[in-house]
Each structure stands twice: as structure tokens, then as C-alpha cells.
Amino acid sequence: DAVGPTVELTATDITKETITLAIETTDPVSAVSSCTVDRAGATVTGTTKVSESGLSCAIAYTYVVTCTDGQGNTGSGSKTVSTLTCGAAGGGGGG
């Protein structure tokens, strides 16, 4: 079987400067040897959860993940996930 793991990526925790992403696969976690989360050339690695910090506020970041199983087969990649740091553009102070 030369097909790599099928994966889904979800933004689970978004703060002012950090985005945490959960990686879910159709294969048991023990079968997944590594995952790479890409964002416009920046990569973060992990198997079930990754975080990227030092981000700028009010910027939209888009991610996609690919995972490799223990036999070296790499999956086709997840759907892209886009998220905005600092939440939605907020209202200003009143006065």
C-alpha cells in the first residue's frame, strides 16, 4: 500500500501571537511517523498538534498539513485552513 495518511487540520487555539493546530488522521497515531504543516514557506513539524508563535496581530494565516506513515508514504495533504490572529477586527475605543 503506497498511499500515505489522510489528514485533517483544525485551528484549536488562536491568541494574539500564537496559532495552535490539531492534526487528525485516518490512521492510528502510531502509524504516522511525522507531519509537516506549511504556511507560505514556513514549516512546523509534529504528529498530533503544532503551534506557531511570534505571529503578527490581525493577519490571516493559511496552513496545510501532509503526513508520512512508518513505511515512508506521504499523503496528499489536508484542505487548507485559514485563521486570523487576534480574532476578528475589533471595534475601537469610544469616547
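Relevant structure appears above.
Definitions and cut-offs
- The residue count restarts for each chain, going from 1 along the sequence in the order it is written.
- Residue-level local features of this predicted model are given only where pLDDT is at least 70; pairs of side-chain atoms are given and counted only at 80 or more, and the full residue set underlies all totals for whole chains, interfaces and linings.
- Water and hydrogen atoms were dropped before computing side-chain values, which therefore reflect all heavy atoms in the structure.
- Two cysteine sulfur atoms form a disulfide, by the criterion used here, when they sit within 2.5 Å.
- Runs of E in the DSSP output that reach at least two residues are strands. Runs of H or I that reach at least four are helices, and both are numbered from the N terminus.
- Accessible area is worked out with a 1.4 Å probe on protein chains only. A residue is then buried under 20% of its type maximum, exposed over 50%, and partly exposed in between.
- A pair of strands is labelled paired if DSSP reports no fewer than 2 bridges between them.
- Helix axes are fitted only over the stretch in contact, all axes being lines through C-alpha atoms; the angle between N-to-C directions runs from 0 to 180 degrees.
- For this analysis, a salt bridge means a side-chain nitrogen from Lys or Arg found within 4 Å of a carboxyl oxygen belonging to Asp or Glu.

Undergrad: I'd like to hear about the state of the cysteines, residue by residue, with values.
TA: This structure, assessed with the given rule, holds one disulfide. Across the disulfide, Cys 35 is cross-linked to Cys 67 (sulfur-sulfur distance 2.0 Å). A torsion of 105° about the S-S bond marks the disulfide between Cys 35 and Cys 67 as right-handed. Taken together, the residues Cys 35 in strand β3 (residues 32-39) and Cys 67 in strand β6 (residues 60-69) connect sequence positions 32 residues apart. The pair Cys 35 / Cys 67 is uniform in exposure class, with both members buried.

Undergrad: For the sheet that holds β3, give the residues involved together with the corresponding values.
TA: With respect to topology, four strands assemble into an open sheet ordered β4-β3-β6-β7, the strand pairing being antiparallel. Single-partner strands in this sheet number two, and they are β4 (42-46) and β7 (81-84). Taking the axes of each pair of neighbouring strands and ignoring which way they run, one obtains an average angle of 30° across the sheet.

Undergrad: Could you give me a rundown of the pattern of salt bridges, with the residues and numbers involved?
TA: Inspection of the entire model under this criterion finds one salt bridge. Put simply, Glu 52 and Arg 39 hold a salt bridge, and the shortest N to O gap is 2.8 Å. Remark: Arg 39 occurs in strand β3 and Glu 52 occurs in strand β5 (residues 49-52); sequence separation between them is 13 residues. Overall, the relative accessible area of 12% leaves Glu 52 in the buried class.

Worth remembering: the numbers are spatial, not functional.
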